[in-house]
Amino acid sequence: EEESSSTLAPYLEEFFQVLQSPLTSNHVAVQVRAVGAVAVLAQATGAEAFAPYYSQILPGLMNLVQQQSQPDVAAASLEAATCIGQVVGRDLFANDAHSLLQWMMPQLQPQNQSPLVEPMLLACARMASVLEEDFGPYTDHVVPLLLQRLQQAPDVSIMEGDESGL
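Residues numbered from 1 in each chain as written. Predicted model: local features only at pLDDT ≥ 70, side-chain atom pairs only at ≥ 80, totals over all residues. Heavy atoms only, no water.

*Asks:* Would you mind going over the overall build of the chain with me for this structure?
*Replies:* Check the secondary structure of the chain and you find 7 helices and 0 strands. Its helices and strands taken in sequence order, the chain reads α-α-α-α-α-α-α from the N to the C terminus. Counting over 166 residues, the chain shows a buried share of 40%. At a minimum sequence separation of 6, the contacts of the chain that also span at least 24 residues come to 69%. Summed over all atoms, the accessible surface of the chain reaches about 9900 Å², with 52% contributed by carbon and sulfur. (Helix = DSSP H or I, 4+ residues; strand = E, 2+ residues; numbered from the N terminus. Buried < 20%, exposed > 50% of the residue type's maximum accessible area, 1.4 Å probe, protein only. Contact = heavy atoms within 4.5 Å. Areas by Shrake-Rupley, 256 points an atom, 1.4 Å probe, with all protein chains shown as cover.)

See the structure below:
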């Protein structure tokens, strides 16, 4: 991992310049892949190399999350933001994590059927791993919803046919 970090780190600036256009694309699939690429770059290069770009990247991701105009983009952005948070660590990510959590808490209600609920719960797990004991105040919102989701029957359907349609 250290080798890939030292190999990719010198190119981060160039990567981010190239990703600017796809990140603002009107095509959902392009935006989702670009957002994913940003997270992968953070994970591949590590905290030391990625930290200088954090303040340029994270506000845009948080904006995409909170706009929610495209659920797929919002979900990918939430995943990327929290994966980046895990890379850069508590000192850099804590304030943004609390902002995201405060925005998410009113939406984490049992009756909410939004496609973003599942990604939000996964993001909560990632933020809990970074915030540790500082995640405590959010557990009253997250745990009941998690328990409710665990008690639901899985949404699986079996269809007749052959494998030619796969």
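*Asks:* What am I meant to see in a nonpolar patch on the surface here?
*Replies:* Where nonpolar side chains cluster on the molecular surface, the patch consists of V143, L147 and L150 and spans about 290 Å² of accessible area. Its place among the elements puts L147 in helix 7 (residues 139-151). Since its relative accessible area comes to 47%, L147 is described here as partly exposed. (Patch = residues over 30% accessible without salt bridge, like charges linked within 9 Å, V, L, I, M, F, W, Y side chains within 5 Å. Salt bridge = Lys/Arg side-chain N within 4 Å of Asp/Glu carboxyl O.)

*Asks:* Help me understand the side chain of T82 in this model?
*Replies:* Within the fold, T82 resides in helix 4 (residues 71-88). Among the residues examined, T82 registers a relative accessible area of 0% and is labelled buried. Side-chain polar atoms of T82 contact the backbone oxygen of L78, separated by 2.9 Å. Engagement of the side chain of T82 in a polar contact is seen with the backbone oxygen of E79, the distance being 3.2 Å. (Polar contact = N/O pair within 3.5 Å; in protein donor to acceptor, adjacent residues only side chain to side chain.)

*Asks:* Can you walk me through the nonpolar core in this structure?
*Replies:* Nonpolar side chains in soluble globular proteins tend to be buried together. If you look at the biggest cluster of nonpolar residues, it comprises 52 residues, and the most contacted ones within it are F16, F50, I84, L101, M104 and L108. At the level of elements, helix 2 (12-23), helix 3 (28-67), helix 4, helix 5 (90-104), helix 6 (117-131) and helix 7 are the ones that each hand at least two residues to this core. When residues of this core are assigned to their parent elements, the largest contribution, 16 residues, is made by helix 3. (Core = buried A, V, L, I, M, F, W, Y, C linked by side-chain atoms within 4.5 Å.)

*Asks:* Quick question: what am I supposed to make of unusual backbone geometry here?
*Replies:* Keep in mind that most residues, glycine aside, have a negative phi and that most peptide bonds are trans. Positive phi outside glycine occurs at E132, with the angle close to 55°. Topologically, E132 is positioned in the loop between helix 6 and helix 7.

Such coordinate-based values are descriptive only and should not be taken to indicate function.
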